[in-house]
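A closer look at the structure
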Amino acid sequence: MNIFVLVKASLDVNLVRGDAEGNLLKDAIPLAISEYDRNAVYEAVRIKNEVGGKVIVVSALTWGPIQKRMRDFENVIREALALGGDEAHVIVDEKLVEAGPKATSLALSKLIEKLGGADLIICGEASMDMMASQVANYLAHSLGVNSVTYVRELSLDGNTIKCKRDLENYVEIVKTGLPVVVSVTGEINKPRLPTLLQIRRAFAKPLQKYSLADVGLDILPSYSANKYELVKVSRKNIIIEGASMEEIANKLVDKLIEEGVLER
Amino acid sequence: MKGLVIGLSGSELREGLSVLETLSNVTGSNVEKYAVLVSSNPEKVKGFHKLYLIKSGSIYTSFQSVLKIVSEVAPEAIVAVNMKDCVDLMSRVAASTDRYMVTEVALITRNGDDVYLARPILGGRALAYYKFTKGIVFTVAKGKFQPIEGDEEPEVIEIAPEADGYEVLGVEEKKRGAVDIESADIVVGVGRGFKAKEDLAMASELAQILGGEVGCSRPIAADFGWLDEDRWIGISGKKIRPKLYLPIGISGAPQHIMAANDSKIIVAVNKDKNAPIFNYSDYGVVADLYQFIPALIKVLKERLKK
Ligand SMILES: Cc1cc2nc3c(=O)[nH]c(=O)nc-3n(C[C@H](O)[C@H](O)[C@H](O)COP(=O)(O)OP(=O)(O)OC[C@H]3O[C@@H](n4cnc5c(N)ncnc54)[C@H](O)[C@@H]3O)c2cc1C
Ligand SMILES: Nc1ncnc2c1ncn2[C@@H]1O[C@H](COP(=O)(O)O)[C@@H](O)[C@H]1O
């Protein structure tokens, strides 16, 4: 069985850059693999080891400027391959930059169809940077297949899949038939860091690049943010020092009483 | 303009009603209010022109009915509270009806002639503004819009649940304590700086002296399972707004700390003076928690009993 995994090269939330005026400097933020997509790849590999087949990584570059991003983008895809993907197919096209989850999903659905279609497609519950949680259902709709979201445990049985959906207050168990798109949560598995050997091997695996025209798309449904703004956090940033732990503790307690958050 | 609220409980509908009210005010055009309630225990909620009740415990056995209602009402805006099931349902609606969606809106605001929906991105480090367009589907961050009651007696229409291709086999309860850290006044946060589960006793003792609750970073709940998930603070966990938040041995990843930014005072304890958590704190103590926390407990015991 061919298992497709969606892997996004996200803006790295740990390296957010802004200027003094509170503008977000998007272009200066490096790309990193979207956290839950690691879980998605890992789950795909687990299933492949059970039922056989191939793990095919697909991705669309959605942050510009494209030329400047290519190295980071390739590193993200190589990381997915090091985690166990067998081959990767990616779409790089100016028109996809910040076009939004609907455009991304449509493009990826065309790519997946071009590659022969899929029985099982796994993505993350939310991308690290945009956290839209929309791609799974859009993609399923474009492909005309089922979808199950927020899955923390899944098992395949022939042509059916049983999923435990991790909701806020309880877990819901849903069964459906293949083909299916599944979005997974961080609890589904614990990906290990790839070994050096896995990383080296990843460089020998196929990575094929496409334009939108290559997958038969011309116009995209595009909707994206008009403006981004850095969130200002204004805290006092006072480090309390002292000669001993007790002294520091006492000074801290003084401050907390002064602030009115502790009562004497 | 017609606005449709989709909810899985009466309280979600009341929060949605508040969103439609805000939308009326910000856009300056009257919003005619419709609602869909998907619930195995449907209740009547006032304030809507029409209320559709779908008696079902799962969106996976009812979303086709929701789609039918959406095409019947043909609303210019569809809103829901940002619960996972609602996000799923709304993205199904957006996919099937050719609408665009904005997830977890925190603010509806006007700039000149345009109305914008703003939402946190990048783990909460930035806000993205999306132009409000006719037909938009969006979820709102839980708790950002105060639930309201309306007067209008709705016309109630019952619709049978319908969906193809899915079977719900059941639900499992989640392991949980009886804590509600979202409304706690004081929260002690524990992170990976704690080396063993037993060491969390220190944090519990501190929380107890302060009259607060223990919360944690994601690895403590998700990876180690040392605490139940209802104590997990962050964008994928609980959002807290205490008077005092005390993150101990927590590095300050945006996905964690942004869910605590509404705290009045934040005091961080971390042995690494360069830990990002200090940028998000009012007061910081650079120390080994294993030395500082016992000292703090001792001092608090002495001083608070007076
Ligand atoms: C999509 C996504 C969603 C996420 N959602 C959440 C979420 O909801 N909540 C969440 O918490 N995280 C979330 N995370 C994870 C987040 O990115 C961080 O990995 C996590 O918050 C780190 O937890 P931590 O601070 O406990 O551990 P670490 O980052 O490992 O930090 C441990 C800290 O303890 C300090 N320390 C170590 N020993 C001591 C000592 N003896 N005394 C004092 N200090 C010590 C260290 O200096 C370090 O700063 C999410 C990540 C992603 C990608
Ligand atoms: N540009 C992209 N390329 C590949 N996969 C993506 C892309 N955008 C989103 N995804 C997948 O969809 C999931 C949810 O993304 P989102 O809907 O943006 O929150 C991610 O975890 C990825 O698995």
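Residues numbered from 1 in each chain as written. Chains lettered and ligands numbered in written order. Predicted model: local features only at pLDDT ≥ 70, side-chain atom pairs only at ≥ 80, totals over all residues. Heavy atoms only, no water.

Topic: the interface of chain A and chain B
Counting residues at the interface gives 78 residues for chain A, matched by 89 residues for chain B. With both chains or domains summed, chain A and chain B bury close to 7500 Å², and 54% of this area falls on carbon and sulfur atoms. Contact with chain B buries surface across chain A, with A:Glu168, A:Tyr223 and A:Arg235 losing the most and accounting together for 11% of the total. Linking chain A with chain B are 8 salt bridges, by the criterion used here. (Contact = heavy atoms within 4.5 Å. Buried area = accessible area lost by both parts, 1.4 Å probe. Salt bridge = Lys/Arg side-chain N within 4 Å of Asp/Glu carboxyl O.)

Looking at the site of ligand 2
All names here are of chain A. Asp-37, Ala-60, Ser-127, Ser-133 and Gln-134 are the nearest of the 19 residues found near ligand 2. Note that an oxygen atom of ligand 2 is positioned 2.6 Å from one of the side-chain N or O atoms of Asp-37. Contact with the protein chains covers 98% of the free accessible surface of ligand 2, which is 480 Å². Put simply, ligand 2 lies in the largest cavity. Of all the elements, strand β4 (residues 54–60) adds the most residues to the shell around ligand 2, at 3 residues. A class-by-class count of the residues in the shell around ligand 2 yields 10 nonpolar, 7 polar and 2 charged. (Near = heavy atom within 4 Å. Polar contact = N/O pair within 3.5 Å; in protein donor to acceptor, adjacent residues only side chain to side chain. Areas by Shrake-Rupley, 256 points an atom, 1.4 Å probe, with all protein chains shown as cover. 1 Å grid on protein atoms, 1.4 Å probe; cavity = no way out; pocket = protein on both sides within 12 Å on 5 of 7 lines; lining within 4 Å. Sits in = over half its atoms within 2 Å of the grid points. Helix = DSSP H or I, 4+ residues; strand = E, 2+ residues; numbered from the N terminus. Nonpolar A, V, L, I, M, F, W, Y, C, P; charged D, E, K, R; others polar.)

Points about a nonpolar patch on the surface
All names here are of chain A. Taken together, Leu-196, Ile-199 and Phe-203 make up a surface patch of nonpolar side chains, about 320 Å² in accessible area. Mapping Leu-196 onto the fold places it in helix α5 (residues 196–202). Take Leu-196: its relative accessible area is 66%, and that puts it in the exposed class. (Patch = residues over 30% accessible without salt bridge, like charges linked within 9 Å, V, L, I, M, F, W, Y side chains within 5 Å. Buried < 20%, exposed > 50% of the residue type's maximum accessible area, 1.4 Å probe, protein only.)

Focus on the packing of helix α2 (residues 63–73) of chain B against helix α3 (residues 84–96) of chain B
Residues and elements named next belong to chain B. In the contact formed by α2 and α3, the axes pass within 10 Å of each other and the chain directions differ by 55°. On the basis of the axis angle, α2 is oblique to α3. Considering how the two elements wind past one another, α2 and α3 form a crossing that is right-handed. For the pair formed by α2 and α3, the contact residues are Phe-63, Val-66, Leu-67 and Val-70 on the first element and Leu-89, Arg-92, Val-93 and Ser-96 on the second. Looking at the contact of α2 with α3 residue by residue, the classes come out as 6 nonpolar, 1 polar and 1 charged. (Axes fitted to C-alpha atoms, helices over the stretch in contact; angles between N-to-C directions. Parallel < 35°, antiparallel > 145°, perpendicular 65-115°, else oblique. Left-handed = near helix turned anticlockwise from the far one by under 90°.)

Comments concerning the pairing of strand β1 (residues 2–7) of chain B
All names here are of chain B. Most of β1 is tucked away: 5 of the 6 residues are buried. By the bridge criterion, 6 bridges tie β1 to strand β2 (residues 32–39) in an arrangement that is parallel. Looking at β2, one finds that Ile-6 is bridged to Val-36. Following the backbone out of β1, through helix α1 (residues 10–27) and into the adjacent parallel β2, one traces a crossover that is right-handed. Two elements, β1 and strand β4 (residues 77–81), share 3 bridges in a ladder whose sense is parallel. Residue Leu-4 lies in a different strand from β4, and its bridge partner there is Ile-78. (Pairing = 2+ DSSP bridges. Right-handed = clockwise from strand over helix to strand, strands pointing away.)

What to know about the packing of aromatic side chains
Two descriptors summarise a pair of aromatic rings, namely the distance from one centre to the other and the angle between the planes of the rings. What the rule picks out here adds up to 6 aromatic pairs over all chains. Between B:Tyr60 and B:Tyr166 the ring centres are 5.1 Å apart and the planes differ by 80°, which places this aromatic pair in the edge-to-face class. With B:Tyr60 in the loop between β3 (50–55) and α2 and B:Tyr166 in strand β11 (residues 166–173), this residue pair connects regions lying 106 residues apart in the sequence. Accessibility expressed as a relative area gives 0% for B:Tyr60, which makes it buried. One aromatic cluster in this structure is built from A:Tyr223, B:Tyr100 and B:Tyr130. Cation over ring: A:Lys102 sits above A:Tyr138, and NZ or CZ is 5.2 Å from the ring centre. (Phe/Tyr/Trp six-rings, centres within 6.5 Å; stacked < 30°, edge-to-face > 60°. Lys NZ or Arg CZ within 6 Å of the ring centre and 35° of its normal.)

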